[in-house]
Amino acid sequence: MKDARPVVHICAPSPESVRLVRVRCPTCERRTYFVASTYEWYAGDMTCLACGDSWNEDGRAVHPFERGWRGKSIAAARRFYRRYRGLTGGRP
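Rules used throughout
- Residues numbered from 1 in each chain as written.
- Predicted model: local features only at pLDDT ≥ 70, side-chain atom pairs only at ≥ 80, totals over all residues.
- Heavy atoms only, no water.
- Phe/Tyr/Trp six-rings, centres within 6.5 Å; stacked < 30°, edge-to-face > 60°.
- Helix = DSSP H or I, 4+ residues; strand = E, 2+ residues; numbered from the N terminus.
- Polar contact = N/O pair within 3.5 Å; in protein donor to acceptor, adjacent residues only side chain to side chain.
- Pairing = 2+ DSSP bridges.

### Remarks on the packing of aromatic side chains
Right, so step 1: In total, this model carries two aromatic pairs according to the counting rule given.
Right, so step 2: With 5.8 Å between their ring centres and 55° between their planes, Phe34 and Trp55 make a pair best called tilted. You can see Phe34 sitting in strand 2 (residues 31–38) and its partner Trp55 sitting in strand 4 (residues 54–56), a full 21 residues away along the chain.
Right, so step 3: When the ring of Phe80 is compared with that of Tyr84, the centres are 5.1 Å apart and the planes differ by 55°; the resulting orientation is tilted.

If you want it as structure tokens, here you go:
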């Protein structure tokens, strides 16, 4: 009998659409830009480019317990937008 090796499957879907939207942020309480993404089989999300908070279908995302997470979140959202900017259906 052969060794049974565990198989790990990581699901990282590509977004269906990625765009900038300007709405009022509940956290920083000002009208600002968000990176909004939608997926075919999963809920979309939005990240505020002013404060770094993110939202999905469950509400506001959990904050990581680390120093400087807001800046890292904003930088990651900007990189994500630059990578998928203008995507309106289909995969990159």
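### Digging into the side chain of Ser73
Right, so step 1: Mapped onto the secondary structure, Ser73 falls in helix 1 (residues 69–84).
Right, so step 2: Reaching out from Ser73, the side chain makes a polar contact with the backbone oxygen of Gly52 at a distance of 2.7 Å.

### Topic: the pairing of strand 3 (residues 45–48)
Right, so step 1: Where strand 2 and strand 3 come together, four bridges link them in antiparallel fashion. By the bridge assignment for strand 3, Val35 is matched with Thr47.
Right, so step 2: Taken together, strand 2 and the strand that follows it, strand 3, pair antiparallel across an intervening segment of six residues.
Right, so step 3: Count of turn residues in the strand 3/strand 4 antiparallel hairpin: five residues, of which Gly52 carries a positive phi of about 90°.

### Quick notes on the sheet that holds strand 5 (residues 59–60)
Right, so step 1: Spatial strand order, 1-2-3-4-5: five strands in an open sheet with antiparallel pairing. Each having just a single partner strand, strand 1 (17–24) and strand 5 make up the two edges of the open sheet.
Right, so step 2: With two bridges connecting them, strand 3 and strand 4 associate as antiparallel partners. Bridge pairing in strand 4 links Met46 to Trp55.

Nothing here speaks to function; it is geometry throughout.
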